[in-house]
Structure formats: C-alpha cells, structure tokens
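Structural features, examined
Letter by letter, the chains look like this.
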Amino acid sequence: MKSALQYAAEHQIEVDWLPLCSLDALSVEYDNGTCAIAINPDRIQSSADENTKLAHELGHCLYGGFYSAVTPLYIREKHEHKANVWAVQLLIPWDALYKAVHCGITQPWELAEYFSVTESFMNLALEYYLQRKGYSFD
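Now for a quick tour of the structure.

Rules behind the numbers
- Residues numbered from 1 in each chain as written.
- Predicted model: local features only at pLDDT ≥ 70, side-chain atom pairs only at ≥ 80, totals over all residues.
- Heavy atoms only, no water.
- Core = buried A, V, L, I, M, F, W, Y, C linked by side-chain atoms within 4.5 Å.
- Buried < 20%, exposed > 50% of the residue type's maximum accessible area, 1.4 Å probe, protein only.
- Helix = DSSP H or I, 4+ residues; strand = E, 2+ residues; numbered from the N terminus.
- Phe/Tyr/Trp six-rings, centres within 6.5 Å; stacked < 30°, edge-to-face > 60°.
- Disulfide = S-S within 2.5 Å.
- Expected span 1.5 Å × (residues − 1).
- Arc of directions from axis to C-beta.
- Axes fitted to C-alpha atoms, helices over the stretch in contact; angles between N-to-C directions.
- Parallel < 35°, antiparallel > 145°, perpendicular 65-115°, else oblique.
- Left-handed = near helix turned anticlockwise from the far one by under 90°.
- Contact = heavy atoms within 4.5 Å.
- Nonpolar A, V, L, I, M, F, W, Y, C, P; charged D, E, K, R; others polar.
- Polar contact = N/O pair within 3.5 Å; in protein donor to acceptor, adjacent residues only side chain to side chain.

1. Description of the nonpolar core
Most often, soluble globular proteins keep nonpolar side chains buried together rather than apart. The biggest cluster of nonpolar side chains holds 37 residues, and the ones touching the most others in it are Leu58, Ile92, Leu97, Leu111 and Met122. Elements with a minimum of two residues in this core: α1 (4-10), β3 (35-39), α2 (47-63), α3 (73-91), α4 (94-102), α5 (108-115) and α6 (119-132).

2. Focus on the packing of aromatic side chains
This model, assessed by the stated rule, comprises 9 aromatic pairs. The interplanar angle of 50° and the centroid separation of 5.3 Å between the aromatic rings of Trp94 and Tyr129 together place this pair among those described as tilted. Taken together, the residues Trp94 in helix α4 and Tyr129 in helix α6 connect sequence positions 35 residues apart. Note on accessibility: Trp94 and Tyr129 belong to one class, buried. Where Tyr129 meets Tyr135, the ring centres are 5.9 Å apart and the plane angle is 15°; that geometry is what we call stacked. Among the aromatic residues, those joined into a ring-pair cluster are Trp94, Tyr98, Tyr128, Tyr129, Tyr135 and Phe137.

3. Description of the state of the cysteines
Throughout the structure, instances matching the rule amount to 1 disulfide. A sulfur-sulfur distance of 1.8 Å marks the disulfide that ties Cys35 to Cys61. Taken together, the positions of Cys35 in strand β3 and Cys61 in helix α2 put the pair 26 residues apart, joining distant regions of the chain.

4. Points about α6
Between its terminal C-alpha atoms α6 stretches 19 Å, which fits the 20 Å expected from 14 residues at 1.5 Å a residue. Within the sequence span of α6, burial applies to Phe121, Met122, Ala125, Leu126, Tyr128 and Tyr129. For α6, the arc enclosing every buried residue in end-on projection is 160°, short of the 170-degree limit, so these residues lie on one face. Within α6, the exposed residues directed more than 90 degrees away from the buried face are Ser120, Gln131 and Arg132.

5. Thoughts on the packing of α4 against α5
At a closest axis distance of 11 Å, the pairing of α4 and α5 adopts a crossing angle of 125°. What the angle tells us is that α4 and α5 run oblique. Relative to α5, the crossing made by α4 is right-handed. Counted together, Ala96, Leu97, Ala100 and Val101 of α4 and Leu111, Tyr114 and Phe115 of α5 form the full contact between these two elements. For the contact of α4 with α5, a count of residues per class yields 7 nonpolar, no polar and no charged.

6. With respect to the side chain of Asn51
Secondary-structure assignment places Asn51 in helix α2. Note on Asn51: relative accessible area 9%, which makes it buried. Within the local environment of Asn51, its side chain forms a polar contact with the backbone nitrogen of Ala4, the two atoms lying 2.8 Å apart. Look past the residues within four positions of Asn51 in its chain and what remains in contact with it is Ser3, Ala4, Leu91, Phe115, Ser116 and Val117.

Next up, the structure:
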C-alpha cells in the first residue's frame, strides 16, 4: 500500500513540515494550479496521524477543494467531506479493506494499524463504505 507521502512525491506535490499557529495541516493552491502542503510537526502524534492528515490535504489538492475563511460553513463542510472521501479511497481502498477483513483483521484498531491510519479515520472509512456506499463484507 502506498503512503500519502509517497503519493505526494510521485505527483510532485511539495510537502513541508512547518509550525502552524493553530492548524494541524494546511494545503494551498498556487495561481499556476499547483499545490503545496504544510504539516505542523508539533501536532503530529504518530506516523499514522501524519499519513491521515497528509492524505486529507492531498484530497483538497487533487480534487480542487479549496475555500477561504469567509466561505459559508456548508460549503466548507462539503469540501472537507470530499477531501476525507478522497483520502479514504487512497489509503484504504475497498478491495484491500475487504481482503484484510477476510484475512481476520476485523477490529477497527487492528485495521487502523494495518493501514497506517488513525482509528478515528478507520471508523470514518468503515462508515463511508458500509453505510454510505452500502458495501458489505459478506
């Protein structure tokens, strides 16, 4: 499985580790259509946390979901949801999740460890696939 950092490197998306006052991570789009990501090293709790946050920011970069501080909340929530879905599909593809479960990795914390994501992100992925998409492990 590919990490978010590997994906960023392959797609020439610059990633920097910078102190950010109140943010864990931030993605920005330049006028020429390229994107860069900043990760706050002081707010990263594990490699899984870093992988999850970076994938989310990549989601903003690769589907074009940027907004400003004055954007209405419902629009921001739509962009955040799309970034999360993109990150889920990158880090936890359905086929890989299905295989992991059928190999006996069934607890969310075990799956999170297997996919190198946070447990809360794994729960989001399970909710996305099982409830929103209607997939089943049967």
